[in-house]
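Residue-level structure breakdown
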Amino acid sequence: IIIFHFHVYSKTINSKIEVLRSQQIEIKGKITDVKGNAIFGASILEKGTNNATLSNINGEFEIKIKDKNSVLIINFLGFEQQNIKILEKKYIEIILIEDTTQLDEIVVVGYGSKKKTEVTGAITTVSTKDAKDRAVSDAAQLLQGKVSGVNIVQNSGQPGNTNSSIRIRGVSSIDNNNDPLIIIDGVPGDFNDINPNDIKSLSVLKDAASASIYGSRASAGVIIIETKNSSKGLNLDYNFLYTITQPTRLPNMVNSWEHAQLRNEARQNVGLPEIYSDFDIKEFEYGLNRNRPNTDWYDTYFQTAALSSHYLNLRGGDKKYNFSSSLTYLDQEGVLKGTNTDKLSFRTRLNGKFWDDKIIFNLNIYGDEANTHELSSSTSTILSQLASNTPTTFVISDNGAPSFAGRHLYIEDIGGGIDNQRTSLRLQGSVTIKPIKNIKAKLLYSKNRFELDYQRLLPEFETAGSIDNSFEGSLQLSSLTKDWYQTNTNQLTATVDYNYKNKGHRASFLFGYERLERDFTYDRAFVNNLSNNLPIFDFGDPSTSFLTSRATSNATVSQFGRINYSYKYRYIFNFSMRRDGSSRFADGQKYGVFPSASLGWVVDKEKFMKNTDVFKLKLRASWGRLGNQNIYTAYAASDQLSVTEFYSFGGNIVPGSGTTVLANPDTTWETTEQTDIGFDMKLYGKVTINFDYYRKTTSDILARITIPSSLGVTTLPYQNIGNMLNEGFDLDIGYKSKPNPDGLEFTINSNISYLHNEVTSLGNDLDFVDHASTNSEFGVLRSQVGSSFASFFGYKTDGLLQISDFTWQNNSDLSIPHEQRNYLLKSGITDQSSVMSNPAPGDIKLVDTNGDNIITSDDKTIIGRSIPKINYGFNINFAYKNWSLRLIGQGVAGAQAYVNGPGVGPFWNVGNGSVSRELATNRWTFENQNTSFARLYEDKVRDALVSDYNIYDADYFRMKNVTLSYSFNQQLLEKFRIKKLNVFATAENLFTITNFLDGYDPERDYRNTRGNFHPQIATMSLGFNLSF
Amino acid sequence: CNDDKFLNREPIDFLSPDNFTVEKDIEYAVNGTYKAYISDREEPIKTDFIVDNGYYVGYQEMWKRIYNNETFFIEQKWARNYRTILRANTVLFYIDDIEMSEEKYNQFKGEAHFLRALAYFDLLEFYGAVPLRTKPESLAEKDKPLSSEDEILTFILNDLEVASTLLPVEYDMSERGRATKGAAFAIKARVYLYNKQFQNAIDNCQKVKDLGIYTLMDDFAGIFLPENEATNTEVIFDLQYETDQAVRNLSNFWYTRFVFWGGYQILQNLEEQFYSTNGLSINDPTNTLYDTSINSDIYSPSTKVKNENLYDNRFTNRDPRMYATIVVPYSFFRYKRDGVGNNADKEIYYPSSFRTANFSSFKARKYVDHSNNWVQNISGANPVIIRYADILLMEAEALVEMGSFNENYVVSLINQVRQRPSVMMPKVEDVEGTGLTQNRLREIIRHERRVEFALEGLRFHDIKRWDIGNQVLTDAKGYRPSRLQTRSATYELYSLETRTFNPSLGYKWPIPRTETDSNELIE
């Protein structure tokens, strides 16, 4: 650090020393920002001369000037220029103010960067300054609530599962990948690969013109992540965070004795015999018999958990080289007992410049290793089982054996469970050559290796049966499973840039070539009956062993180009084109071409607007075409013959084969076209308004539509079938108060977006596609022409059937007690007995939508929407002296969710699951007829009825983050040779306002049509950021 | 060019059928066809739980007959059979391109024809007219009209005819389980009988007998246990499962479901069909052997039950097939863990302990292999598709239905089944006398089938063929389990689920909606 300093100084002083000898006034000073942070490297120029210097690491400078009337011009990138008259001062303190009027910040675009003025598409760059004092393990959460047009759903708070789903401007594919393309330092990756602290900038490319340079992978939008670069000098940052986490909401179920009574009631309601005697119910209530318990399963399985994280970053460099290297360690306990994850990640960037900066080398190495422990079944399985458990089941019986429901924690105690080790290593190297001025050629090669090792060890144990288990006690065999997943991705990118400048005309040209290949392998080994409770196959019974492998390989090849032209930064034009080839499609379908064009007009640069700082305006328009080849099969054009169709003859296992997937050689690209019109406005240098209207149409949507199962396969092949429309607007409004270093300052950024999604056609023959990639979605989600993607499909209801809708014996003789009446629907009330056996008062009343006076499956219709109409968010920062407070809020409106299944529907699937306190209290009974909750039942047929009775308003507003931080005074810190110290307290998901179903989180993947998934977590943390 | 080469990625982990080159490819495709036929591991036993033998709440819509074209049970059977058909078609379509010995060629071809016939026969029985696909078809050929029941029937009979000429009579022990000539004749007899072509049914029964390799097993219970597979001379064709091969989907779960789950319930409707050892029905007032009093020795600790195979009075002196088919209250239902074969470790079935799931107080016993020793879903028991007793009773039924028959011969066929050494129920003539009418003989045969083949997946077809749905598809009856406690017992007969037979629904199932929605040639 000292050497570097000295070097700069000596150069400055040497070159000027002759001129300055005659008359010298020595001025000293210090340059800081409004917060008092020293600014390093600001230039200080004596006006009208070549006399200049730079501020040192502490912001200090000294300069010798000619006379006291000289003016010093202070400049630092990103800050407003200041002119200071010296007069009699010998020491001056200069506070630089961040330049907010200047729109000329650099924006990251595909394969390059641009001045913000030259941007003609809808690109939002998000500040990630908050990363260091937030308790987020997933970088995607940094985006949540901050960008209009982007809907982020944190799918769960499960440790190690950081896969938030991100939808940019709706969905454009039916059951393919709608995830945006994520580019990290020029190479595709995902949010798992990046530590939030390492991110320098996150840019969201929303419109087609911005994204189309990525062609066939960009139809769901692109997010470009740039990682932190090096800085000058030598810096060391250390961030620490300690967090406690809790589930946001958990279901509240009834007690065991209530469960027993209610289940008897539910069974009587549908004419089934009672189960529990009064004696049983008393036993549950008195709690004297350990086998007649009152178990709160959520209480049993959930806990308050802790998380701690450490982040260390060392960076530095000078003009010729720089580096940045970081190490992160995260240790997270799950709110589900027994689950935890620890993750170590590292990241190193090295840059070196040679031959007068004509050749630049860059090396990046980064990777991580995460170890996740889960209970003996996957967390999602456990959660679905938890919902199915009843309070009448014990965890551990009086003889020490667990119930089937309680086995997971027991297995954990005796040494079983699931261990996942996820390792990723990314190596990246590039060389950039600038042979002559204005030409830049870059070659980038990257190799990513991803591995997931999965191990599941189940020791042998016995379960005990319980009164409520239809499953009696049994012996669980020991077993060992190991899975190895490996993905290798290689990418080669070559680009050439040419810049042209002449009198206000500026043009740049980009040409590129890219190759990408991805190989995937999966291997599994399994054995039963281990003689020893160790994860070693040799201890297993070889006759039970099983081996299997899968492998796929796919590749894309692309050529692309882009032309930017601007005239005096006033008129801007962009054109780009990409041609992609994909191995997933058959010959003749392999290639797709994706062009785009965009225009910008910077109105305030026009003469008639000149000299106004009050009003800045840019108008933008763009159009582009994008593709999607990201289907879940690598070989759409081949019949797939499974070779694991084992059979047995004479007691010997023999291999067998059979066609499991039919080929569709016509499969080709999905194509999305998007038009975007928008403006960026700035008023009084304080208020910024960005608005975009867009219309996005997708055609040739690839979907797995139903085929006749008489073809002999049940896995559905992809077919290009439909068109979909996404239309809406995005609005971002920001306000920034005047700089006020000694008082209160604040900034507000808010955004709102509206989305209309509609399936516009599904080919000639089809009106709808059912979504059925998992069982729980089966029969609930449907994409139908004229409705929104993945709408809920089922029966409409009109409240509940009431006694007045029925007749009974002796001309509805009121003296007959309810339980002895044979209720029959009155004529005039639609007969629903064909889909619901013996409808009675308190059942949901189904609507005869087709008017044929009988309810059949033909009466099902679209009953709700899974895509919210409105997303909004805000981000407010207050600063007062050393204190700052940040609030991030986020919400959706016009959202609906279908929730049913165990724990939600009563006694789901014949007594799996209980009932919630909410349902128990409000259920329809003859004593409580004035309610919207149906009567209880235990009936699979009623369970299977999908109706709008189970559609809930899923609007919510969530206080995503609240952070209070304090920065220590630098003067104080200097004594300890510390540059910066910040302490903070932060809370994620602090509170949520919603009318959603009690006990369940409204922020959920639309496919979660059952109640049982890992709850979101709320966290409270303390931490600090320290810089040397 | 170079890029095209880079983009040319061949599948790594699977073959396409058009890449078949060697005999093994065909052999595996044949094996895979068998696998397709067991791809629903509940078949064919599950259909007994939608009629009057059993009740399982998982099949409630089917049992209550409120199914529709979206009911999973109905889609599942359709898919299972067409999966088998596609694979058989694949074998038949590609086999001529591959070089192999004539012996293997005939065998593979015969097996494919046989399995395809089995699948179409199941479709014909449950759905009637269905699309007829005779070769592997692509997405472009997805639309296919229904072929009439007659066309399907003709096709099945032709497949079986071809199979019976190509298939060998027997295999080496290492190949046991493959389709044989006898299996083709036997299924053919069944197809003819179900379609009321009685003389053809009789002829094919005769062809099975003429092969001279099938006999009745002495031990009735042993027919259904894996330990007897190698020596089982009664089974003509069965589905192959192996113990502890769940990982390859080659184990079934009947042991688990019948022993450890309460949900699979046997109805009193079946229990009452097992006669007393005097050959009289328990509902026959003249049956003096049937005693409804309660034997106090059955109560816990039940030492006598465990040591002496004691049953409560009402369950003693009954057709021995009852004990091999169902578990009655206060009787042995499983061994304690590690106690297989050890009397001291028997566990007794007290219905009150199972009442949250079992409401009938009867459990299933057939296909329960206690050697699984408490481990779930690893059973290697082979569900029987057809066995020699069926040949005898089919022949008897066909003869009686033809109207002109030799009573002594018919009765002798029935007596063979009744009098296997482990059963030894009285001869027909000893109970019923001689000079029996056609109707009486018909009833005797129908009753014999009910008790002989319970839980073997045949009852649905019998009810349909005899059109007795309105008599038998009624309420599910059982004894109230809460009254059958460890130290007291009252047999309270009640309906645990009600049902009325709606004749307009018939016996045929609707074609699944997934098919009609996407196959545009089906209305």
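Residues numbered from 1 in each chain as written. Chains lettered and ligands numbered in written order. Predicted model: local features only at pLDDT ≥ 70, side-chain atom pairs only at ≥ 80, totals over all residues.

**A few points about the overall build of chain A**
- Tallying secondary structure elements over chain A gives 12 helices and 54 strands in all.
- In summary, chain A has a C-alpha radius of gyration of 33 Å against a globular reference of 31 Å for 1028 residues, a match within 12%.
- In terms of overall dimensions, chain A has a C-alpha envelope of 120 × 65 × 65 Å along the principal axes.
- Expressed as a percentage of the 1028 residues in chain A, the buried residues total 47%. (Helix = DSSP H or I, 4+ residues; strand = E, 2+ residues; numbered from the N terminus. Rg over C-alpha atoms; globule rule 2.2 N^0.38 Å. Buried ≥ 20, exposed ≤ 12 C-beta atoms within 10 Å, placed from the backbone.)

**Re the overall build of chain B**
- When helices and strands are counted, chain B shows 19 helices and 12 strands.
- Relative to its length of 523 residues, chain B is compact, with a C-alpha radius of gyration of 24 Å against a globular reference of 24 Å.
- Taking the principal axes of its C-alpha atoms as reference, chain B extends roughly 90 × 60 × 50 Å.
- Out of the 523 residues in chain B, the part that is buried amounts to 53%.
- Summarising the internal contacts of chain B: among those between residues at least 6 apart in sequence, 70% fall at separations of at least 24. (Contact = placed C-beta atoms within 7 Å.)

**Quick word on the interface of chain A and chain B**
- Counting from both sides, the interface comprises 73 residues of chain A and, opposite them, 78 residues of chain B.
- Considering each element in turn, the side of chain A that touches chain B owes the most residues, 10 residues, to strand β28 (residues 541-567) of chain A.
- Taken together, the residues that form the side of chain A that touches chain B break down as 30 nonpolar, 33 polar and 10 charged. (Nonpolar A, V, L, I, M, F, W, Y, C, P; charged D, E, K, R; others polar.)

**A word on the sheet that holds strand β15 (residues 199-205) of chain A**
All names here are of chain A.
- With mixed pairing, five strands are arranged side by side in an open sheet as β10-β15-β16-β13-β14. Since the sheet does not close on itself, it has two edges, and those belong to β10 (123-126) and β14 (187-188), each with one partner.
- Relative to strand β16 (residues 222-227), β15 runs antiparallel, the two sharing six bridges. Within the sheet, the bridge partner assigned to leucine 205 lies in β16 and is valine 222. (Pairing = 2+ DSSP bridges.)

**Some words on the sheet that holds strand β4 (residues 60-65) of chain A**
All names here are of chain A.
- If you trace the three strands from one edge of the open sheet to the other, you get β4-β1-β7, paired in mixed fashion. At either end of the open sheet lies a strand with only one pairing partner, and these are β4 and β7 (91-96). Between one strand axis and the next, the sheet turns through 30° on average, direction left out of account. (Axes fitted to C-alpha atoms, helices over the stretch in contact; angles between N-to-C directions.)

**Overview of the pairing of strand β39 (residues 744-761) of chain A**
All names here are of chain A.
- Here strand β38 (residues 718-736) runs beside β39; their pairing, made up of 14 bridges, is antiparallel. Looking at β39, one finds that glutamate 727 is bridged to histidine 756.
- As paired elements, β39 and strand β48 (residues 870-880) share 11 bridges and run antiparallel to each other. Its bridge partner lying in β48, serine 753 is registered against asparagine 871.

**A closer look at the confidence of the model for chain A**
All names here are of chain A.
- Summing up the model confidence of chain A, the mean pLDDT is 85 and the portion of residues at 70 or higher is 93%.
- Of all secondary-structure elements in chain A, the lowest mean pLDDT belongs to helix α1 (residues 2-20), at 35, while strand β33 (residues 647-649) reaches the highest, 96.
- Counting interchain partners and residues more than four positions distant, the pLDDT-below-50 stretch residues 1-21 has 13 contacts. (pLDDT = per-residue confidence, 0-100.)

**Regarding the pairing of strand β36 (residues 670-683) of chain A**
Residues and elements named next belong to chain A.
- Here strand β31 (residues 615-628) pairs with β36 via 14 bridges, running antiparallel. Its bridge partner being in β36, tryptophan 623 is matched across the sheet by threonine 675.
- The sheet contact formed by β36 and strand β37 (residues 687-704) spans 13 bridges and is antiparallel. Each residue of the ladder has a partner; that of methionine 681, found in β37, is isoleucine 689.
- Between the antiparallel neighbours β36 and β37 lie three residues, among them tyrosine 684 with a positive phi of about 55°.

**Some words on the nonpolar core**
- With 207 residues, the main nonpolar core has Phe114, Ala186, Ala189 and Ile414 of chain B as its most contacted residues.
- With 12 residues, the top contributor of residues to this core is helix α5 (residues 102-127) of chain B.
- Setting aside residues no more than four positions away along its own chain, isoleucine 414 of chain B makes contact with Leu393, Ala396, Val428, Ile444, Ile445 and Glu448 of chain B.
- Membership of the second largest hydrophobic core comes to 42 residues, among which are Ile123, Leu143, Ala211 and Phe560 of chain A. (Core = buried A, V, L, I, M, F, W, Y, C linked by C-beta atoms within 7 Å.)

**What about the environment of lysine 590 of chain A?**
- Counting through the fold element by element, lysine 590 of chain A comes out in the loop between β29 (571-582) and β30 (591-602).
- Taking the number of C-beta atoms within 10 Å as the measure of exposure, lysine 590 of chain A has 22 and is therefore buried.
- With 239 residues separating them along the chain, lysine 590 of chain A and asparagine 351 of chain A place their C-alpha atoms 38 Å apart.
- Discounting chain neighbours no more than four positions away, the residues touching lysine 590 of chain A are Gly581, Ser582 and Phe585 of chain A together with Leu7 of chain B.

**Details of helix α17 (residues 459-466) of chain B**
- Buried residues of α17 of chain B: Arg459, Phe460, His461 and Ile463 of chain B, and no others.
- Trailing α17 of chain B by a residue or two, aspartate 467 of chain B shows a phi angle of about 50°, which is positive.

**Focus: the domain arrangement of chain B**
Residues and elements named next belong to chain B.
- Segmenting chain B into domains produces domain 1 (20-248) and domain 2 (264-276 + 284-381 + 467-511).
- Domain 1 and domain 2 are separated by 31 Å when their C-alpha centres are compared.
- Taken together, the contact pairs 26 residues of domain 1 with 30 residues of domain 2.
- Taken together, the elements giving at least two residues each to the side of domain 1 that touches domain 2 come down to β1 (54-55) and α5.
- Tallied by class, residues from the side of domain 1 that touches domain 2 come to 15 nonpolar, six polar and five charged. (Domains from an automatic or database assignment.)

**Digging into the confidence of the model for chain B**
- Across chain B, the average pLDDT comes to 93, with 98% of residues at or above 70.
- Across the assembled chains, the prediction reports ipTM 0.94 with pTM 0.85.

**Considering the packing of helix α3 (residues 256-269) of chain A against helix α4 (residues 278-286) of chain A**
Residues and elements named next belong to chain A.
- Two numbers describe how α3 lies on α4: the axes approach to 7 Å, and their chain directions differ by 160°. On the basis of their axis angle, the class for α3 and α4 is roughly antiparallel. Seen from α3, the contacting residues are Ser256, Trp257, Ala260 and Gln261; seen from α4, they are Asp280, Ile281, Phe284 and Glu285.
- Here the residues of the contact of α3 with α4 sort into four nonpolar, two polar and two charged. (Parallel < 35°, antiparallel > 145°, perpendicular 65-115°, else oblique.)

**Details of helix α4 (residues 72-94) of chain B**
- For α4 of chain B, which comprises 23 residues, the first-to-last C-alpha distance of 33 Å matches the rise-based estimate of 33 Å (1.5 Å per residue) to within 8%.
- Counting buried positions along α4 of chain B yields 18 of 23 residues, so the element is predominantly enclosed. (Expected span 1.5 Å × (residues − 1).)

**Points about the packing of helix α13 (residues 388-402) of chain B against helix α14 (residues 407-418) of chain B**
All names here are of chain B.
- As a packed pair, α13 and α14 sit with axes 9 Å apart at the nearest point and diverge in direction by 155°. By the angle between their axes, α13 is roughly antiparallel relative to α14. The two elements α13 and α14 cross, and the hand of that crossing is left-handed. Judged by residue contacts, Ala389, Leu392, Leu393, Glu395, Ala396, Leu399 and Val400 of α13 engage Val410, Leu413, Ile414, Gln416 and Val417 from α14.
- In terms of residue class, the contact of α13 with α14 is made up of 10 nonpolar, one polar and one charged. (Left-handed = near helix turned anticlockwise from the far one by under 90°.)

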